[in-house]
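# A look at the structure
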Amino acid sequence: MKVYEIKEILDAEIICGEEFLDREVCAACGSDMMSDVLAYVKEQAVLLSGLVNPQVVRTAEMMDMQCIVFVRGKQPDQGIIDLAKDREIVLLSTKETMFASCGMLYEKGLRGGR
Amino acid sequence: MGNSITLHYVVPGDDFTRAGEASGSVKRTLKDLGFSPETVRKVVIALYEAEINLVIHAGGGEIDVEISPEVVSIVLADKGPGIPDVELAMQEGYSTAPDNVRSLGFGAGMGLPNIKKYTDEMKIDSTVGVGTTMYLKVYNN
């Protein structure tokens, strides 16, 4: 699945990384607990989170994740956006909840990665 | 072969937003040196968890990284409170992190188990009231 498909499925707003929307994403992980993300995700993945702080971007950076989706309409601050731009990570924000977002992506064929 | 690179980082203890700077820097260095994605990932996940621990538990510390073609060796040293029972601290889910750390996405008692999972060698020397030194090795494959 491409990042722009995720944007469309979740009717998400692009916060940064518009130039990377044609990246391929192989798996998804939904979590507010970054240690769980570090423990379980292995493939080129998108991270869905209700947590909004710089460590979400840093966790994605360590895991080579292509894209972060903030759920429930949450908006990162400028420091988080600047960090994501520097690390070339796409940031999206959707009004959907975590549960609904994961379900919508799963329904369209995206899986958990393990 | 035989050449090695050493890196040194000072991790401040009071700035959670910067936790991960050292791990990101090591990651970029390993990628630039051509290490396999698998090796890079193992090193940076373990190092990132350990760096977070320095900030959460120890009031900061220092990280030394030695990179050779065969192995990445990391030493993390702090002058924090020490770990009274290392075996207990290694159990998944055991945590002494305060609630504000959980709200930041860490502190679920997965840090040390994650470090063990992703490294080939892990050794902890800790003395209560003096500090903790952790030795990590990841072999390149």
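On a predicted model such as this, the values are computed, not experimentally measured, just so you know. (Residues numbered from 1 in each chain as written. Chains lettered and ligands numbered in written order. Predicted model: local features only at pLDDT ≥ 70, side-chain atom pairs only at ≥ 80, totals over all residues. Heavy atoms only, no water.)

Residues and elements named next belong to chain B. In the contact formed by helix 2 (residues 37–57) and helix 5 (residues 111–118), the axes pass within 8 Å of each other and the chain directions differ by 155°. Judged on the interaxial angle alone, helix 5 and helix 2 are roughly antiparallel. Helix 5 is crossed by helix 2, and the crossing has left-handed handedness. Of the residues in helix 5, those touching helix 2 at Lys42, Ile45, Ala46, Glu49, Ala50 and Asn53 are Gly111, Leu112, Asn114, Ile115 and Tyr118. Per-class residue counts for the contact of helix 2 with helix 5 are six nonpolar, three polar and two charged. (Axes fitted to C-alpha atoms, helices over the stretch in contact; angles between N-to-C directions. Helix = DSSP H or I, 4+ residues; strand = E, 2+ residues; numbered from the N terminus. Parallel < 35°, antiparallel > 145°, perpendicular 65-115°, else oblique. Left-handed = near helix turned anticlockwise from the far one by under 90°. Contact = heavy atoms within 4.5 Å. Nonpolar A, V, L, I, M, F, W, Y, C, P; charged D, E, K, R; others polar.)

Caution applies to low-pLDDT parts of the model: their predicted coordinates are not meant to be read in detail. Here chain B shows a mean pLDDT of 93. Residues at 70 or above account for 99%. Both scores are given for the predicted complex: the pTM is 0.91, the ipTM 0.88. (pLDDT = per-residue confidence, 0-100.)

Below, the discussion takes up the sheet that holds strand 5 (residues 90–93) of chain A. Residues and elements named next belong to chain A. The five strands lie next to each other as 1-5-4-3-2, forming an open sheet whose pairing is mixed. Edge positions in the open sheet fall to strand 1 (13–16) and strand 2 (27–30), since each of these has one partner strand only. Averaged over all pairs of adjacent strands, the angle between strand axes in this sheet comes to 25°, irrespective of strand direction. Pairing of strand 1 with strand 5, which is carried by three bridges, proceeds in the antiparallel orientation. (Pairing = 2+ DSSP bridges.)

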